[in-house]
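Coordinate analysis (summary)
Residues per chain, in single letters:
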Amino acid sequence: MAAPGDAATPLSLPGPAPRTSRPRSARLGAWAELLRLPALFTVPGDALAGAAGAGARPGPRTLLAIGSSLCLYEAGMALNDWADRTEDAAERPHRPLPSGRIRPAAALTAAGALTGAGLALAAGAGRPALAVAAPLAATVWAYDLALKHTPAGPAAMAAARGLDLLLGAAATGGGIRTALPCAALLGTHTLAVTAVSRRETTGGSVLAPLAALATTGALTRLVTHRRARLPAGRRAAAVPGPPGSGPAGGPPRATDVLATALGAAYAVTAARPYFHAALNPSPPLTQRAVGGGIRATIPLQAALAARSGSAGTSLLVAALAPAGRMFARRSGMRKVSIT
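Quick notes on the rules
Residues numbered from 1 in each chain as written. Predicted model: local features only at pLDDT ≥ 70, side-chain atom pairs only at ≥ 80, totals over all residues. Heavy atoms only, no water. Core = buried A, V, L, I, M, F, W, Y, C linked by side-chain atoms within 4.5 Å. Buried < 20%, exposed > 50% of the residue type's maximum accessible area, 1.4 Å probe, protein only. Helix = DSSP H or I, 4+ residues; strand = E, 2+ residues; numbered from the N terminus. Contact = heavy atoms within 4.5 Å. Expected span 1.5 Å × (residues − 1). Phe/Tyr/Trp six-rings, centres within 6.5 Å; stacked < 30°, edge-to-face > 60°. Lys NZ or Arg CZ within 6 Å of the ring centre and 35° of its normal. Axes fitted to C-alpha atoms, helices over the stretch in contact; angles between N-to-C directions. Parallel < 35°, antiparallel > 145°, perpendicular 65-115°, else oblique. Left-handed = near helix turned anticlockwise from the far one by under 90°. 1 Å grid on protein atoms, 1.4 Å probe; cavity = no way out; pocket = protein on both sides within 12 Å on 5 of 7 lines; lining within 4 Å. Points joined across faces, edges and corners; volume = space filled by probe spheres on them. Nonpolar A, V, L, I, M, F, W, Y, C, P; charged D, E, K, R; others polar. Salt bridge = Lys/Arg side-chain N within 4 Å of Asp/Glu carboxyl O. pLDDT = per-residue confidence, 0-100.

Attention now moves to the nonpolar core. Grouped together as the largest cluster of nonpolar side chains are 54 residues, with contacts concentrated most on L165, L167, V196, Y274 and L304. Here the element with the most residues in this core is helix α12 (residues 283-307); it accounts for 10 residues. Beyond its immediate chain neighbours, meaning those up to four positions away, Y274 contacts H189, V193, V196, P209, A212, L213, T216, A289 and G293.

Looking now at helix α3 (residues 60-83). Owing to its 3.6 residues per turn, the α-helix brings residues three or four apart onto one side. Along its 24 residues, α3 runs 35 Å from first to last C-alpha, staying within 8% of the 34 Å computed at 1.5 Å per residue. Burial analysis of α3 places 17 of its 24 residues in the buried class, the great majority of the element.

So, on to helix α7 (residues 153-172). Its 20 residues give α7 an end-to-end C-alpha distance of 29 Å, which sits within 8% of 28 Å, the value for a rise of 1.5 Å per residue. With 17 of 20 residues buried, α7 lies mostly within the body of the structure. Just downstream of α7, G173 is the residue with a positive phi angle, here 100°.

Further remarks concern the packing of aromatic side chains. In this structure the tally under the stated criterion is 1 aromatic pair. Taking the ring centre of W82 as reference, the NZ or CZ of R85 above it sits at 4.3 Å.

Moving on, we come to the packing of α7 against helix α8 (residues 176-197). With their axes 7 Å apart at the nearest point, α7 and α8 run at an angle of 150° to one another. Of the possible angle classes, the one that applies to α7 and α8 is roughly antiparallel. The chirality of how α7 crosses α8 is right-handed. Taken together, the residues of α8 that come into contact with α7 (itself represented by P154, A155, M157, A158, R161, G162, L165, L166, A169 and A170) are I176, A179, L180, C182, A183, L186, G187, T190, L191, T194 and A195.

A few words on the environment of L222. Along the chain, L222 falls in helix α9 (residues 207-224). We classify L222 as partly exposed; its relative accessible area is 46%. For L222 and G263, which are 41 residues apart along the polypeptide, the C-alpha to C-alpha distance reads 9.0 Å.

This part covers empty space enclosed by the protein. The method is simple in principle: a probe with the dimensions of a water molecule rolls over the atoms, and the space it marks as empty is what remains. Using the criterion set out here, one finds 1 cavity of 30 Å³ or more in the structure. Roughly 390 Å³ of volume is contained in the largest cavity. When residues of the lining of the largest cavity are traced back to their parent elements, those giving at least two are α3, α6 (127-147), α7, α8 and α12. Broken down by element, the residue count for the lining of the largest cavity peaks at 6 residues, all from α3.

This paragraph deals with the packing of α3 against helix α5 (residues 104-124). Their axes nearest at 8 Å, the elements α3 and α5 cross at an angle of 160°. Between α3 and α5, the crossing angle belongs to the class labelled roughly antiparallel. For the pair α3 and α5, the crossing hand works out as left-handed. Residues L64, G67, S68, C71, L72, E74, A75, A78, L79 and W82 of α3 touch α5, and the partners they reach there are P104, A107, L108, A111, L114, T115, A117, G118, L121, A122 and G124. A breakdown of the residues in the contact of α3 with α5 according to their chemical character gives 15 nonpolar, 5 polar and 1 charged.

This part is about the pattern of salt bridges. Close approach of charged atoms allows side chains of opposite charge to pair. Under the counting rule described, the total for this entry stands at 11 salt bridges. Between R253 and D256 there is a salt bridge whose closest N-O contact spans 3.9 Å. Assessed through its relative accessible area of 5%, D256 is described here as buried. Among the ionic pairs, D256 bridges to R307, the shortest N-O distance being 3.5 Å. Placement of D256 in helix α11 (residues 254-279) and of R307 in helix α12 is noted, with a sequence separation of 51 residues between them. Note on R307: relative accessible area 3%, which makes it buried. Salt bridges sharing common partners tie together R36, D81, E87, D88, R92, R95 and E200.

The predicted model of the protein has a mean per-residue pLDDT of 87, with 83% of residues at 70 or higher. Between the elements of the protein, mean pLDDT differs from a low of 38, seen in helix α10 (residues 232-235), to a high of 98, seen in α5. Note on residues 1-21: pLDDT under 50 across the span, and 3 contacts to partners over four residues away in sequence or across chains. Every residue in residues 227-241 is under pLDDT 50, and counting partners more than four places away or in other chains gives 17 contacts.

The backbone of R36 sits at a positive phi, close to 50°, despite the residue not being glycine. Topologically, R36 is positioned in the loop between α1 (21-34) and α2 (44-53).

In structure tokens, the structure reads:
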């Protein structure tokens, strides 16, 4: 007969102890950190701005392009930390891989699976979309595995963003060539942000935030500038700048006003942290400048859509900004990096 209290001892109940929800939530939190989930809100605007830039309305294939973009973006995040695991062990030991919360093999497997899923979704959107998604995926892998720490790194990241916008144009059925100006502007912004991010752990660079500040001013001018009125015989042939912008000289259209407002929001979001980082290029302020540049991507995408004449698409993209901020607050992941 067992003594009183024996049934309560650990040895009286053989088998594994019941699992609590804490380890599961910790694993989910580690993956959310690895994949930089708040930054995902900057991705759908690429495809939507691409569709607007191509003069097409978003449709089911645009949704497939957005899904493809999300998968390829997250593949890049997982692959980034896998490739930088040794460097992060010294400079960012709190990250999921060096801290041991996620195994390197799991991160690499996730990167491969997400890349495959992204290509499959692009194929579902049609052959033109797959023709853009394939080089986009190759650029992501080349950046993380070979180009990131070379002078070509920022250009590779800029190319990836530009291709992502063109993916939306190709999937929606519009002309890729007409969306090229929008892709160039978005890629230029990404180039500036990436150049600043290369010093976010060490600081010390005044030139990068100053160049990013100048780039922000130039891009703001381009997305808010109304083209000069041309003689009647030449208006149809003139196609400089983002498509859909109306000629200057007449009353501004609603999309012109919207583009101006969103361009101002882009400038305010990006310029202030760049300016602070230029005055004091410490790691914390440089990291803030990178975060500001990432957040500014959304109003820039929305401004590009408005300049292309798509007010509804522009407002939809702009709504992603407050949604992203709310998600970041609730998830406790306010600091987001692209490196």
